[in-house]
Amino acid sequence: NVLMKYPDGSTVRLGDLVWWDEGNSIGRIIGINETKEECTNWGVEDPGVAICYDGSGIGGLFIGYPQRAFAEEGIRRLTLDEERKLDDVFQAARSYSSEKSVEITTGLFRKERNGLEYWSVVFYRNREALRVIEVAASNLSCREIPLKESGLFYDLTGSNQSGQ
């Protein structure tokens with residue numbers, strides 16, 4: 001039984017916090033399909049993973065990636081140092097936001113502006129975006145960004161997807 005590996009050779013495990021979206025977003029591994037039977041059950045041809053957009057793993061929206069695309073898509077496990085840094089970013093955003101409910105899930109998206117790293121933390125309830133808080137990675141300063149101006153795909157309800 002061969003276990004699925006990241007490009008660095010480490011083993012993929014359920015619950016891993018990972019980079020995805022060419023290394024610009026954070027998600028959680030919520031499914032692994034390695035066998036022919038699992039691929040058939042998932043309706044895919046190649047072994048791969050399901051990554052929940054929401055780092056908590058409970059947000060309900062996920063994307064599948066075949067293992068062969070891991071390197072190209074920047075899929076790798078976060079280091080402990082990155083996990084600690086993101087916990088600080090998340091805590092800063094949560095403190096700044098009025099959204100304190102445990103029902104809230106989040107999406108984390110990294111971007112650069114003028115050579116500085118920023119994180120957009122999107123707060124969702126029932127797959128509906130409530131607010132976007134931008135956090136400067138250097139000093140954890142926060143500001144709220146109007147949803148329409150955030151430049152992020154924030155509507156997880158499917159209401160803005162044509163043809164569905």
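Not measured: the values here are computed from a predicted model.

(A) Examining the overall build of the protein more closely. The number of helices and strands found in the protein is three helices and nine strands. Along the chain direction, N to C, the helices and strands of the protein fall in the order β-β-α-β-β-α-β-α-β-β-β-β. Burial statistics for the protein: of 164 residues in total, 43% are counted as buried. Looking at the protein alone, contacts between residues at least 24 apart form 43% of all its contacts between residues at least 6 apart. Only carbon and sulfur atoms are counted for the fraction: they give 47% of the accessible area of the protein, which is about 9,400 Å².

(B) Representation of the packing of aromatic side chains in the model. Counted according to the given criterion, the structure contains three aromatic pairs. Between Tyr-6 and Phe-70, the ring centres sit 6.3 Å apart and the planes meet at 35 degrees, which makes this aromatic pair tilted. Placement of Tyr-6 in the segment before strand E1 (17-20) and of Phe-70 in helix H2 (residues 70-73) is noted, with a sequence separation of 64 residues between them. Consider the rings of Trp-20 and Tyr-65, whose centres lie 6.3 Å apart with planes at 55 degrees: the pair is tilted.

(C) Inspection of the pairing of strand E3 (residues 48-52) at higher detail. With five of its five residues buried, E3 lies for the most part within the structure. Inspection of the sheet shows strand E2 (residues 25-33) paired to E3 by five bridges, in the antiparallel sense. The partner of Gly-31 across the bridge, within E3, is Ala-50.

(D) View of the nonpolar core. If you look at the biggest cluster of nonpolar residues, it comprises 17 residues, and the most contacted ones within it are Ile-26, Trp-119, Val-121 and Val-135. If you list the elements that add at least two residues to this core, you get E1, helix H3 (80-96), strand E7 (116-125) and strand E8 (128-136). Looking at which element gives the most residues to this core, the answer is H3, with five residues. Core analysis: the next-biggest nonpolar cluster, separate from the first, contains twelve residues, Tyr-6, Val-18, Ile-51 and Phe-70 among them.

(E) Quick look at the pattern of salt bridges. If you walk through the whole model with that rule in mind, you get nine salt bridges. A salt bridge links Glu-82 to Arg-76; the nearest nitrogen and oxygen atoms lie 2.7 Å apart. For Glu-82, a relative accessible area of 17% gives the class buried. Classification of Arg-76 by relative accessible area gives partly exposed; the value is 33%. As a salt-bridge pair, Glu-134 and Lys-111 come within 3.2 Å of each other at their nearest N and O atoms. Here Glu-134, found in strand E8, pairs with Lys-111, found in strand E6 (residues 105-113); they are 23 residues apart in sequence, far enough to count as distant. Look at Lys-111 and you get partly exposed, because its relative accessible area is 26%. The network of salt bridges with common partners includes Lys-111, Arg-113, Glu-134 and Arg-143.

(F) Spatial organisation of the side chain of Thr-11. Topologically, Thr-11 is positioned in the segment before E1. Among the polar contacts listed, one links the side chain of Thr-11 to the side chain of Lys-5, at a separation of 2.9 Å. Setting aside its immediate chain neighbours within four residues, Thr-11 contacts Leu-3, Met-4, Lys-5, Tyr-6 and Asp-16.

(G) Looking closely at the environment of Glu-149. Topologically, Glu-149 is positioned in the segment after strand E9 (142-145). With 17 residues separating them in the primary sequence, Glu-149 and Val-132 have C-alpha atoms 9.6 Å apart.

Cut-offs used in this document
- By convention here, each chain's residues receive numbers from 1 onward along its written sequence.
- Side-chain atom pairs in this predicted model are given and counted only at pLDDT of 80 or more, local residue features only at pLDDT of at least 70, and totals for whole chains, interfaces and linings cover all residues.
- Just so you know, side-chain values use all the structure's heavy atoms and leave hydrogens and water out.
- What counts as a helix is a DSSP run of H or I of at least four residues, what counts as a strand is a run of E of at least two, and both are numbered from the N terminus.
- Only protein chains enter the calculation, and the probe is 1.4 Å; a residue is then buried if its accessible area is under 20% of its type maximum, exposed if over 50%, and partly exposed in between.
- Residue contacts are defined here by distance: any two heavy atoms, one from each residue, within 4.5 Å place the two residues in contact.
- All accessible areas in this document rest on Shrake-Rupley with a 1.4 Å probe, and a residue is counted as covered only by the protein chains that are shown.
- Any two of the Phe, Tyr and Trp rings considered here, Trp counted by its six-membered ring, make a pair once their centres fall within 6.5 Å; the pair's planes then place it as stacked at under 30 degrees, edge-to-face at over 60, or tilted in between.
- Two strands are said to pair when DSSP picks up at least two bridges between them.
- Joining through side-chain atoms within 4.5 Å is the link that ties buried Ala, Val, Leu, Ile, Met, Phe, Trp, Tyr and Cys residues into a set, and such a set is a nonpolar core.
- Put simply, a salt bridge is a Lys or Arg side-chain nitrogen that is within 4 Å of an Asp or Glu carboxyl oxygen.
- Nitrogen and oxygen atoms within 3.5 Å of one another constitute a polar contact, given that in protein one can donate a hydrogen and the other can accept it, and given that sequence-neighbouring residues count only through two side-chain atoms.

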